[in-house]
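Each chain, letter by letter, is given below.
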Amino acid sequence: MMQDLDLGDIEEKDWKCATFKQVVDLTEKTDEAIKLWGEGKAGEFKGKQEKIDEAVDVLFGLEKKARLGGDTKSTMRLALEIIKLLQAVGLYDRLVDSVEVLMKRRAQAKSVQVAVIKTAKNAIDSSPEDQRVPLIKKLRDICQGKLHVELEFAQLSVELAAIWEKEGKLRDCADIMLDVQVETIGNMERVEKLKILLLQIRLNLDVDDYVRAAIMARKTTSRALSKPNSRLIKLQYYELMVRYYKHFGNYWYLAKCWMEIFQHVTDEETKNDLKDHPLVVSPGKALASVLAYLMLSPNKVTLDREQTDCAAFSLWNKETDRLKLVKKYGEEKLAEVVEVYRAASGYFLQKELIGWPDFEVKFASIKGSDVFSSTPSAWADLLG
């Protein structure tokens with residue numbers, strides 16, 4: 001039968017390990033302490049610093065006895081009660097300081113640490129806006145380097161990045177997101193991982209850090225993006241890769257990205273799921289972009305899956321003969337919507353030399369299209 005125990009009764013060998021058997025049961029004392037000093041008394045204690053200090057000291061003292069006695073359940077209840085009490089009385093700075101103390105306590109169970117971080121993270125969401133950033137930063141620093149709270153670390157990083165992005169601090173956003181390694185977070189949902197990955201790619205593109213953008217882009221695969229609940233994410237991923245390849249003027253990979261987008265937006269299941277989403281491009285625009293970038297691409301290209309900065313091209317998207325692709329996409333049913341592109345791309349299927357002066361006059365209308373207007377050198381490259 002468990003008995004109450006003084007701290008002096010617990011020997012050095014008992015608390016030195018991360019886990020040890022339960023030797024005390026402080027459930028009743030915990031119930032009583034929470035009733036007298038917990039969150040329920042916040043209205044009575046608010047504005048009375050001495051009372052708040054006394055309540056926190058009582059809860060911390062009992063938490064220590066429960067922790068060193070191996071009563072993890074009571075330890076967790078008392079630790080969370082401290083966080084909730086300080087949230088209720090509006091002392092957010094002290095709340096985060098208490099989290100730091102609880103995380104550093106000897107023999108503190110990881111389950112308690114995770115619960116404390118989760119509760120504190122939710123508490124900060126209700127803090128005044130002018131205090132939120134420093135609180136998030138401090139809580140994030142507490143989590144950094146601890147594998148059992150890496151999920152919360154990532155979520156706090158995303159939350160901080162969202163605030164800084166609104167303030168125009170894009171470089172700071174990109175830098176803090178570099179600390180997040182979603183591939184190592186085992187308890188994070190796959191969709192959340194992909195969303196964070198897209199955020200990392202986008203922020204690096206926004207600050208013109210194309211090396212890191214490429215590193216992030218390689219962290220996913222076509223299989224990961226092809227799940228039913230990832231359809232919008234897949235489109236957003238290839239839209240970001242379009243931005244990436246446009247910077248380098250890589251027309252071949254731009255064509256490949258637009259092929260992926262075209263295939264995706266013409267898929268019946270995708271159309272049903274995303275028909276009302278404003279980010280989805282029309283099939284006509286996607287097909288026009290495919291044909292335009294194929295016209296700009298060289299005839300023969302090696303598609304090296306080991307070297308490409310986009311590791312998520314589908315297995316069907318492996319054709320390297322430009323003329324075959326021009327013919328294939330020129331015969332699409334939707335090609336009549338973009339007839340001018342089909343007619344222009346048809347010139348590249350002929351064996352005769354193209355008369356560029358006549359070509360430029362006949363197809364002057366496509367010069368002002370998104371493909372050619374967004375890349376100033378594209379028209380000269382086409383005629384070149």
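Structural data are supplied above this passage.
Calculation notes
- Residues numbered from 1 in each chain as written.
- Predicted model: local features only at pLDDT ≥ 70, side-chain atom pairs only at ≥ 80, totals over all residues.
- Heavy atoms only, no water.
- Phe/Tyr/Trp six-rings, centres within 6.5 Å; stacked < 30°, edge-to-face > 60°.
- Buried < 20%, exposed > 50% of the residue type's maximum accessible area, 1.4 Å probe, protein only.
- Helix = DSSP H or I, 4+ residues; strand = E, 2+ residues; numbered from the N terminus.
- Contact = heavy atoms within 4.5 Å.
- Expected span 1.5 Å × (residues − 1).
- Arc of directions from axis to C-beta.

Trainee: Which parts of the structure should I look at to understand the packing of aromatic side chains?
Mentor: Here a ring pair, both rings aromatic, is described through the centre-centre distance and the interplanar angle of the planes. Here the structure, examined in full by the defined rule, presents 15 aromatic pairs. Judged by centre distance (5.3 Å) and plane angle (80°), the rings of Tyr237 and Tyr238 are edge-to-face. Residue Tyr237 is classed as buried on the basis of its relative accessible area of 1%. Here Tyr238 falls in the buried class, since its relative accessible area comes to 1%. Look at Phe262 and Tyr329: their rings are 6.0 Å apart centre to centre, the planes differ by 70°, and that puts the pair in the edge-to-face class.

Trainee: Where do I start with the environment of Ser98 in this structure?
Mentor: Topologically, Ser98 is positioned in helix H6 (residues 92-104). Spatially, the C-alpha atom of Ser98 lies 9.0 Å from that of Ala79, the residues being 19 residues apart in sequence. With sequence-adjacent residues up to four places away left out, Ser98 is seen in contact with Phe60, Ile82 and Leu86.

Trainee: What is the right way to look at unusual backbone geometry in this model?
Mentor: A negative phi angle characterises most non-glycine residues, just as the trans form characterises most peptide bonds. Here Ala107, not a glycine, exhibits a phi torsion of approximately 60°, which is positive. Tracing the chain through its elements places Ala107 in the loop between H6 and helix H7 (110-124). Taking the relative accessible area as the measure of exposure, Ala107 reaches 17% and is therefore buried. Positioned with a positive phi, Asp208 is a non-glycine residue whose angle comes to about 60°. Positionally, Asp208 belongs in the loop between helix H11 (190-206) and helix H12 (210-217).

Trainee: Would you take a moment to explain H6 for this structure?
Mentor: Since the α-helix packs 3.6 residues into each turn, any two residues three or four apart lie on the same face. Between the first and last C-alpha of H6 there are 19 Å, a value that for 13 residues agrees with the 18 Å anticipated at 1.5 Å per step. Regarding H6, the residues found buried are Tyr92, Leu95, Val96, Ser98, Val99, Leu102 and Met103. In a view along the axis of H6, the buried residues occupy a sector of 155°, so they form one face of it. Exposed positions of H6 whose direction lies more than 90 degrees from the buried face are Asp93 and Lys104. Of the surrounding elements, those touching the buried residues of H6 are helix H4 (49-68), helix H5 (72-88), H7 and helix H8 (129-143).

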